[in-house]
Structure formats: structure tokens, C-alpha cells
Amino acid sequence: MTDPFVQATVDRILDHVKNPESGLSLAQLGLVKKVRVSAEQKKLTLFLKGISGPKACCAMINYVVLEHLELQIKQAFQRDFPGFEICLANG
């Protein structure tokens, strides 16, 4: 990202969206490795760090938390980037 306005908007969103378990923001947790914005394609892709637990119960909890977090991420970005496709990818 080179556009300072887009960078500031992304940073603000990452500071605003909170992990429901810890209450920490995505920025604080470092869950987003990279963001790619294509104005031509109207597409914004966030590359997330993988989260895994050593046990099956932890994996299921992580799945539920991540599903909720992904919904929050998409909704937050869709508000500030209307008309853009918001994609989440493992980074």
C-alpha cells in the first residue's frame, strides 16, 4: 500500500477490531501479516497469520473465535471500503 489515506484507514480498522477473547486489537495481536489493495479490481485482501492449538479442543475454540473475528473484519472493512470485495487469506 502506498496511498497514505488507505494506509491510515487500514491501520485504524486494525486498531479498532478486537479479538473477542482477549479484547486486544488485530494490530496489537499482529494477526494481519499483509494487506493488498487493488483499486482497479475493487478488492482488498488481508493475509492473516495462522493460529493453531496443540489439542483438538483448542483448534475448535480457535475456529469459532476466528469465524467471529473474520466476520468483524469483513464488516469493518466493508464500511470503509464500500463496493470492495474483502478477502481473507492465510498468509
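An account of the accompanying structure is given in this report. Note that the structure is predicted; figures quoted are calculated from it, not measured. (Residues numbered from 1 in each chain as written. Predicted model: local features only at pLDDT ≥ 70, side-chain atom pairs only at ≥ 80, totals over all residues. Heavy atoms only, no water.)

### Some words on unusual backbone geometry
Positive phi values are uncommon outside glycine, yet K42 reaches one of about 50°. Structurally, K42 is set in the loop between β1 (32-38) and β2 (43-48). (Helix = DSSP H or I, 4+ residues; strand = E, 2+ residues; numbered from the N terminus.)

### Details of the environment of N19
Inspection of the secondary structure assignment puts N19 in the loop between α1 (4-16) and α2 (26-29). Note on N19: relative accessible area 12%, which makes it buried. Placed ten residues apart in sequence, N19 and L29 show a C-alpha to C-alpha distance of 8.4 Å. (Buried < 20%, exposed > 50% of the residue type's maximum accessible area, 1.4 Å probe, protein only.)

### Points about the pattern of salt bridges
By the definition in use, this model includes one salt bridge. In this structure, D80 engages R12 in a salt bridge whose closest nitrogen and oxygen atoms are separated by 2.9 Å. Linking D80 in helix α3 (residues 56-80) with R12 in helix α1, this pair joins segments that are 68 residues apart in sequence. On the accessibility criterion, R12 (44% relative accessible area) is partly exposed. (Salt bridge = Lys/Arg side-chain N within 4 Å of Asp/Glu carboxyl O.)

### Some words on the nonpolar core
Of all hydrophobic cores here, the largest spans 19 residues; its most connected members are L26, L44, L46, F77 and F81. Looking at this core, the elements that each hand over two or more residues are α1, β1, β2 and α3. Filtering out sequence-adjacent residues up to four positions away, L44 remains in contact with V35, R36, V37, F77, F81, F84, E85, I86 and C87. (Core = buried A, V, L, I, M, F, W, Y, C linked by side-chain atoms within 4.5 Å. Contact = heavy atoms within 4.5 Å.)

### Topic: the sheet that holds β2
Spatial ordering of the open sheet is given by β1-β2-β3, a layout of three strands whose pairing is mixed. Of all strands in the sheet, those with a lone pairing partner are β1 and β3 (85-90), marking the two edges. On average, adjacent strands in this sheet sit at an angle of 15° to one another, irrespective of strand direction. Where β1 and β2 come together, six bridges link them in antiparallel fashion. Paired with V32 across the strands is L48, a residue of β2. (Pairing = 2+ DSSP bridges. Axes fitted to C-alpha atoms, helices over the stretch in contact; angles between N-to-C directions.)

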